[in-house]
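Reading the structure
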Amino acid sequence: MSKDLVPFWENAYQQEDTITFSNKPNGTVTEFEHLIGSRSNILEVGCGEGQNALYLASKGYLVDAFDLSEHGIAKLKRRCEWTNTKVNAFVADLTTYQFQKTYDMILCFGTLHFVDKDAWKKFINTAKEHTTIGGVHIMQIFTDTVPASEDIAPFAIGLAKDEEIKELYTDWEILQFQSYVFEDEHPNVPKHLHASNKIVARRTR
């Protein structure tokens, strides 16, 4: 992959009047947040400009959020200032991230497939070890059921096989698993398709 290639979201993160992905939290977050208590510790991995982190922090949860993108984290911090919302946002790489505590919920949307397969599997297994009993993971990853779209193809080096992520949670209670193809579009990017798996799982022991 050429070092000159820049993903579309890096440019979009630098535009104050542009929402790169969504201004609302992912629906799975709002669907399952009732499973954790108030003031729970939450980690979002690959938070981008922070729609999920901002929402959860506004509800009183203690939110850590990181992303590889300096522009994304800078924008999230500005959005925190504008909304008087507290998120511990920082730049980090999930392939080298060192957990400092355990969490009641760990989220990751649209990020894992941007590292190689061994790396995202290792991260999930480490994240499981740093999740409280009764804690919840919400993980979403693109699969190779359809080819990677042109906008992400140079970066999507870790596409999963369909249901491959599910194999990592056989020792947890799987609350929801979805395999689906959806149409997507972003600023200055034509409509395209992604194949995805999403899993919600709870640590029971």
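One structure accompanies this document, and this report is about it. Note that the coordinates shown come from a computational prediction; the quantities given were computed from them, not determined experimentally.

Attention now goes to the pairing of strand 4 (residues 103-108). Across the 6 residues that make up strand 4, a large majority, 6, are buried. Pairing of strand 1 (residues 41-45) with strand 4, which is carried by 4 bridges, proceeds in the parallel orientation. Bridge pairing in strand 4 places Leu43 opposite Ile106. Sheet analysis places strand 4 next to strand 5 (residues 131-142), joined by 5 bridges and oriented parallel. Across the sheet, Met105 pairs through a bridge with Val136, a residue of strand 5.

Opposite charge on two side chains permits them to pair, given that their charged atoms come into close proximity. Under the defined criterion, the tally for this structure stands at 7 salt bridges. Across the salt bridge formed by Glu49 and Lys75, the nearest N and O atoms sit 2.9 Å from each other. Highlighted residues: Glu49 in the loop between strand 1 and helix 3 (51-58) and Lys75 in helix 4 (residues 70-83), separated in sequence by 26 residues. Across the pair, Lys75 and Glu49 agree in class, each one buried. Asp144 is the salt-bridge partner of Lys161, the closest N and O atoms lying 3.0 Å from each other. With Lys161 in the loop between strand 5 and strand 6 (173-186) and Asp144 in the loop between strand 5 and strand 6, this residue pair connects regions lying 17 residues apart in the sequence. According to the relative accessible area criterion, Asp144 is partly exposed, its value standing at 35%. Connected through shared salt-bridge partners, Lys117, Lys121 and Glu164 make up one network.

Moving on, we get to the packing of aromatic side chains. What the rule picks out here adds up to 7 aromatic pairs. Seen in terms of ring centroids, Tyr169 and Trp172 are 5.5 Å apart; in terms of plane orientation they differ by 70 degrees. Their pairing is edge-to-face. When its relative accessible area of 0% is taken as the criterion, Tyr169 is described as buried. Judged by relative accessible area, which is 9%, Trp172 ranks as buried. Between the NZ or CZ atom of Lys121 and the centre of the ring of Trp120, over which it lies, the distance is 5.9 Å. The ring centre of Tyr169 lies 5.4 Å from the NZ or CZ of Lys128, which sits over that ring.

How each quantity is defined
Counting restarts for each chain: residues are numbered from 1 in the order of the written sequence. At least 70 in pLDDT is required for a residue's local features to be given in this predicted model, at least 80 for side-chain atom pairs to be given and counted, and no such filter applies to totals for whole chains, interfaces and linings, which use all residues. Hydrogen atoms and water are omitted, and side-chain values are computed over all heavy atoms in the structure. Only protein chains enter the accessibility calculation, which uses a 1.4 Å probe; a residue is then buried when its area is under 20% of its type maximum, exposed when over 50%, and partly exposed in between. Every helix listed is a DSSP run of H or I at least four residues long, and every strand listed is a run of E at least two residues long, numbered separately from the N terminus. Only strands that DSSP links by at least two bridges are regarded as paired with each other. Throughout this description, the term salt bridge denotes a Lys or Arg side-chain nitrogen within 4 Å of a carboxyl oxygen of Asp or Glu. Here a pair means two rings of Phe, Tyr or Trp (six-membered ring of Trp) with centres within 6.5 Å. Their orientation is stacked below 30 degrees between planes, edge-to-face above 60, and tilted elsewhere. Only Lys NZ and Arg CZ are tested; either one counts as a charge over a ring when it is within 6 Å of the ring centre and within 35 degrees of the ring normal.

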